[in-house]
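Letter by letter, the chains look like this.
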Amino acid sequence: MSDQAQKLRNMISRIQNKEEAKTIAVVSGKGGVGKSNFALNFAIKLSQQKKRVLLFDLDIGMGNIDILLGLTPKKTIVNMFEESLSIKDVIEKGPESLSYVAAGSGLTEIFNLEHTAFADFLQQLQNLMFDYDYIIFDMGAGMSVTHMNFVLASQECFVITTTEPTSIMDAYSVIKFICSRRKDIPLYLMINRATSEKDGRQAYHRLAMAVEQFLDKKVKLLGILPDDRQVVQAVQRQTPFILFNHRSNVSQSLSAIVKGYTGQSMNQKAEPFKFISRLKAVFSRKVD
Ligand SMILES: Nc1ncnc2c1ncn2[C@@H]1O[C@H](COP(=O)(O)OP(=O)(O)OP(=O)(O)O)[C@@H](O)[C@H]1O
Ligand SMILES: [Mg+2]
């Protein structure tokens, strides 16, 4: 069957079953730990598996997904708010049929929308939910209220950390904050830049044990990515590492992570209309 026919079939089955996209927020405590590279390559790998994926760069005003892709977007989130465009107007095509929304440049307080404009934004987002299997939000460095609202509304949250104690400590702090606002959100840990599998597992256990002991919350291990110079080279070439060299250590580990994730996530369908209603609630601060 052709790719197109397969996609059409999936879409029809999803509308019939009222299946929405799964929303995933990618966060970290410390900045520069590899969120954008992970989010982008994870999204591309899912797209390669014929999933319809929308990657949203929420590092608004300072986004870099387009830079990592080596692409120049025609429109960005900044344009969307400044020129009152619809979300569909700013969705760009990346490699492997990946859709993405670039964060744009320039500093704007975009989410200070008046009530009707925000309601319109939510409606547009709701309409998009049936067009994708996954909507992934890449958060910027430093968590703003807007970022946190998207995290709190998402179906799942991936927390990225390196194995360094400073990064682990900051990941703990962000998890503590998330749990204080929404205890039931499924949390996954992604350990990046591990020097060995053992190093990565130790970091995971250290953090997961602290979270369980002090926050009474379970955190699953999403996976471990090695520290690999191929990432640096791929960034320099403005090519996602999975496309730069699919045989590199980091690419192979990423493929295994995506395989494991899609295997287990088959049981966790999106909950219809939950994302938008949660987003509405957090932005109007009605959530405890
Ligand atoms: N697995 C890895 N191996 C080697 N280097 C890595 C790896 N992952 C990330 N890096 C390095 O870290 C840099 C920062 O990565 P990235 O931009 O994805 O971080 P980030 O968490 O999105 O940063 P920010 O907080 O600023 O948004 C990359 O440009 C690369 O040099
Ligand atoms: Mg980033």
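Structural notes, computed from the coordinates. What you see is a predicted model, and the numbers here were worked out from it, not measured in a lab.

Take the sheet that holds strand β3 (residues 91-93) next. One open sheet holds the eight strands; their spatial order is β3-β4-β2-β5-β1-β6-β7-β8, and the pairing between them is mixed. What marks the edges here is a single partner per strand, and that holds for β3 and β8 (219-226). Strand-to-strand, the axes of this sheet are offset by a mean angle of 25 degrees, without reference to chain direction. Here strand β2 (residues 53-57) pairs with strand β4 (residues 99-101) via three bridges, running parallel. Pairing of Phe56 across the sheet is with Val101, part of β4.

Lining the immediate environment of ligand 1, one finds 20 residues, of which Gly31, Gly34, Ser36, Asn37 and Ala141 sit closest. If you list the elements that add at least two residues to the shell around ligand 1, you get α2 (35-48), β7 (187-194) and α9 (229-236). Looking at the shell around ligand 1, its residues break down into seven nonpolar, eight polar and five charged.

It is worth spelling out the packing of helix α7 (residues 165-181) against helix α8 (residues 197-215) at this point. Contact pair α7 / α8: the axes reach a minimum separation of 11 Å and the direction vectors enclose 35 degrees. By crossing handedness, the relation of α7 to α8 is classed as right-handed. Counting all contacts with α7, which are made through Ile168, Ala171, Tyr172, Ile175, Lys176 and Cys179, the residues of α8 involved are Ala203, Arg206, Leu207, Ala210, Val211 and Leu215.

Calculation rules
- Numbering of residues starts from 1 in each chain and follows the order in which that chain's sequence is written.
- Whichever chain is written first is A, and whichever ligand is written first is 1; the rest continue in order.
- For a predicted model such as this one, the threshold for reporting local features is a pLDDT of at least 70, and the threshold for listing and counting side-chain atom pairs is 80 or more; totals across whole chains, interfaces and linings nevertheless cover every residue.
- Here, strands pair whenever DSSP counts at least two bridges between them.
- By the criteria applied, helices consist of DSSP H or I runs no shorter than four residues and strands consist of E runs no shorter than two, each listed in order from the N terminus.
- Simply put, an axis is a line fit to the C-alpha atoms, just over the touching stretch for a helix, and the angle between two N-to-C directions goes from 0 to 180 degrees.
- Whether a residue is near a molecule or strand depends on its C-beta atom, placed from the backbone, lying within 6 Å of it.
- In this classification, the charged set is Asp, Glu, Lys and Arg, the nonpolar set is Ala, Val, Leu, Ile, Met, Phe, Trp, Tyr, Cys and Pro, and all remaining amino acids, among them Gly, are polar.
- Two helices crossing with the near one rotated counterclockwise from the far one by less than a right angle form a left-handed crossing, whereas a clockwise rotation gives a right-handed crossing.
- Any pair of residues counts as being in contact when their C-beta atoms, constructed from backbone geometry, are within 7 Å of one another.

All quantities given are derived from atomic positions and should not be read as evidence of function.
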